[in-house]
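Chains, contacts and geometry: an overview
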Amino acid sequence: MRILITGACGFVGSALAESFLRRMEGLTLYGIDNLQRPGSETNRNRLRSLGVSFFHGDIRSASDFENIPAADWVIDAAANPSVLAGVQSGFSSRQLFEHNLASLVNVAEYCKLHKAGLVLLSTSRVYSIPALAALLLKSAGDAYQLDCSQPLPAGVSAEGIGRDFSTAPPISLYGSTKLASEAIALEYGEAFDFPVWVNRCGVLAGAGQFGTPDQGIFAYWINAHLRRRPLRYIGFDGAGKQVRDAFHPQDLAALIHAQMRTARQGGERVYVAGGGPPNSMSLAQLTAWCDGRFEPNPPEHDHRQRKYDIPWVVMDSTNAAADFGWRAELALPDLLEGIARHAIQHPDWLERSGL
Ligand SMILES: NC(=O)c1ccc[n+]([C@@H]2O[C@H](COP(=O)([O-])OP(=O)(O)OC[C@H]3O[C@@H](n4cnc5c(N)ncnc54)[C@H](O)[C@@H]3O)[C@@H](O)[C@H]2O)c1
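To start, this report covers the structure provided alongside it. (Residues numbered from 1 in each chain as written. Predicted model: local features only at pLDDT ≥ 70, side-chain atom pairs only at ≥ 80, totals over all residues. Heavy atoms only, no water.)

As for helix 8 (residues 249-260)
Heads up, the rule is: Runs of H or I in DSSP of at least four residues are treated as helices and runs of E of at least two as strands, each being numbered from the N terminus. Each helix should span, by expectation, one fewer than its residue count multiplied by 1.5 Å. Summary of the burial criterion: residues with accessible area below 20% of their type's maximum are buried, those above 50% are exposed, and those between are partly exposed, where the area comes from a 1.4 Å probe applied to protein chains only.
Between the first and last C-alpha of helix 8 there are 16 Å, a value that for 12 residues agrees with the 16 Å anticipated at 1.5 Å per step. Within helix 8, 11 of the 12 residues are buried, which leaves it mostly tucked inside the rest of the structure. For helix 8, the complete set of buried residues consists of Pro249, Asp251, Leu252, Ala253, Ala254, Leu255, Ile256, His257, Ala258, Gln259 and Met260.

Now the structure itself:
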């Protein structure tokens, strides 16, 4: 088996590479990354030491694929993954579309040329912001909870947001690059007869993630708390009750591995993957966890509401469970402890992550 990972030096790409090498004997791994994400350079030597053939290149450039040997599968993990990308300074909307969407043509053409399967890492951000914001929530201590005593819209249940939840715009510029990528990837697979799997991932988190306030929130929060940097609960009355679930890329690797082994033609191609209700917590609960693990560092209360902020996102991976027997195995406390240990061992992690 030969696998090409785009964005191989990113948090998810590099963690997938490591997991695949542990799971699959005789695997040949290729990786491409333009190293634009601050911190990604850190993973370049790590990948090389694992035996990954690394190509320093940009997936926006068709010719950067010319030197990469044929692979059986491509895992597309190259993107700017911030929901604020394109609307805040430092990364224009045009850049966002070039990196996250236009580049997909080069990836898909590579798959077409080599008859390689394609796994696209999509996101919970393909779901409708107004529909998510309209979900009825109740406060349960210091966290929001879905109010299941009322009728729920299609695609959402006590298990979380499932595949069929509304994707009606607005979904953010970032979300739209992913939703459009899903359609393009699926059409290429259909037209040129190669398998495509789309995984709409909830928050991925773990040790070694490059954390910033916009992206990699669990890693950012734990690193910033440990170093007594100022933290802020932004929006939702500044109370920190907003909730996310999280899962580790090693669990995503298990799902992708199962998908790559599936001979099934046709049928469902789009899956939801996330930590689910057992692996969810609010920012305030994360702070309490950090207070217990380190010294207290109380966040400021910032009542400003930011564009694209959503109070509650928990992913329902029922369709991945039904078709692949998949669920996230690594429990949230273990995942947080991994980040905490890594944070202690890497005192300059926030600077390396570009802060
Ligand atoms: N981290 C999450 O919580 C999360 C959740 C859902 C989906 N995803 C998706 O998973 C994928 C990986 O995310 P991540 O958290 O590892 O992000 P990351 O920023 O850590 O990694 C992305 C990598 O892609 C590289 N890259 C970006 N543009 C490139 C280009 N044009 N050519 C080559 N390399 C390029 C970056 O340098 C970086 O190393 C993304 O597609 C993201 O949208 C992530």
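Having put the structure on the table, let's press on.
A few points about the side chain of Ser40
Under the convention used in this document: Here, residues are in contact when the closest pair of their heavy atoms is within 4.5 Å.
Within the secondary structure, Ser40 is located in the loop between strand 2 (28-33) and helix 2 (42-50). According to the relative accessible area criterion, Ser40 is buried, its value standing at 1%. If near-sequence neighbours (up to four positions away) are discounted, Ser40 is found in contact with Cys9, Asp33, Leu35 and Phe210.

Considerations on the site of the ligand
To keep it simple, the criterion reads: Here, proximity means that at least one heavy atom of the residue falls within 4 Å of the molecule or strand. Counting of polar contacts relies on pairs of N or O atoms within 3.5 Å, with two restrictions inside protein: one atom must be capable of donating a hydrogen and the other of accepting it, and residues adjacent in sequence are counted only when both atoms are side-chain atoms. Working definition of accessibility: Shrake-Rupley area with a 1.4 Å probe, residue cover restricted to the visible protein chains. Polar here means any residue outside two lists: the nonpolar Ala, Val, Leu, Ile, Met, Phe, Trp, Tyr, Cys and Pro, and the charged Asp, Glu, Lys and Arg; Gly therefore counts as polar.
Among the 31 residues in the neighbourhood of the ligand, the closest are listed as Val12, Asp33, His99, Tyr174 and Lys178. Phe11 places a main-chain nitrogen or oxygen 2.9 Å from an oxygen atom of the ligand. For the ligand, an oxygen atom lies 2.9 Å from a polar atom in the backbone of Leu204. When the ligand sits alone it has 830 Å² of accessible area, and the protein chains cover 97% of it. When residues of the shell around the ligand are traced back to their parent elements, those giving at least two are helix 1 (11-23), strand 5 (117-123), helix 6 (173-192) and strand 11 (203-204). Element by element, the count of residues in the shell around the ligand is highest for strand 5, at three residues. For the shell around the ligand, the residue count by class is 15 nonpolar, 12 polar and four charged.

Concerning the pairing of strand 3 (residues 53-56)
What counts is decided by this rule: Strands were regarded as paired on the criterion that DSSP finds at least two bridges between them. By the criterion used throughout, a crossover qualifies as right-handed when its path from the first strand across the helix to the second strand runs clockwise, the strands pointing away from the viewer.
Sheet topology note: the strand 2/strand 3 ladder contains four bridges and is parallel. Bridge assignment links Ile32 to a residue of strand 3, and that residue is Phe55. Read as a crossover between parallel neighbours, the route from strand 2 over helix 2 to strand 3 is right-handed.

Topic: the pairing of strand 4 (residues 73-76)
By the alternation rule, side chains of strand 4 split into Trp73 and Ile75 and Val74 and Asp76, which are all buried. In terms of strand pairing, strand 1 (residues 2-6) meets strand 4 through four bridges, oriented parallel. The residue bridging Ile5 from the neighbouring strand is Ile75, located in strand 4. Of the strand pairs in this sheet, strand 4 and strand 5 are connected by four bridges, and their pairing is parallel. In the sheet register, Ile75 faces strand 5, and the bridge partner there is Val119.

Quick word on the sheet that holds strand 10 (residues 196-201)
Rules: Here an angle of 0 to 180 degrees is reported between the N-to-C directions of two axes, which are lines fitted to C-alpha atoms, with helices fitted over the stretch in contact.
Strand order in the open sheet made by the seven strands is 3-2-1-4-5-10-14, with parallel pairing throughout. Taken across any chain shown, the strands that pair with only one partner, and hence form the sheet edges, are strand 3 and strand 14 (270-273). Ignoring strand direction, the axes of neighbouring strands in this sheet form an average angle of 20°. Contacts from helix 1 reach strand 1, strand 2, strand 4 and strand 5 within the one sheet, and its direction differs from that of strand 1 by about 165°. Along the sheet face, helix 6 touches strand 5, strand 10 and strand 14 and points at about 160° away from the line of strand 5.

As for the nonpolar core
Heads up, the rule is: As used here, the term nonpolar core means buried Ala, Val, Leu, Ile, Met, Phe, Trp, Tyr and Cys residues forming a set that is joined through side-chain atoms within 4.5 Å.
The biggest cluster of nonpolar side chains holds 37 residues, and the ones touching the most others in it are Ile3, Leu16, Phe20 and Leu252. For this core, the element with the most residues is helix 8, which contributes seven residues. In contact with Ile3, not counting residues within four places along its chain, are Phe20, Met24, Leu27, Thr28, Leu29, Tyr30, Ala71, Trp73, Ile75 and Met260.

The analysis is restricted to geometry; functional conclusions fall outside its scope.
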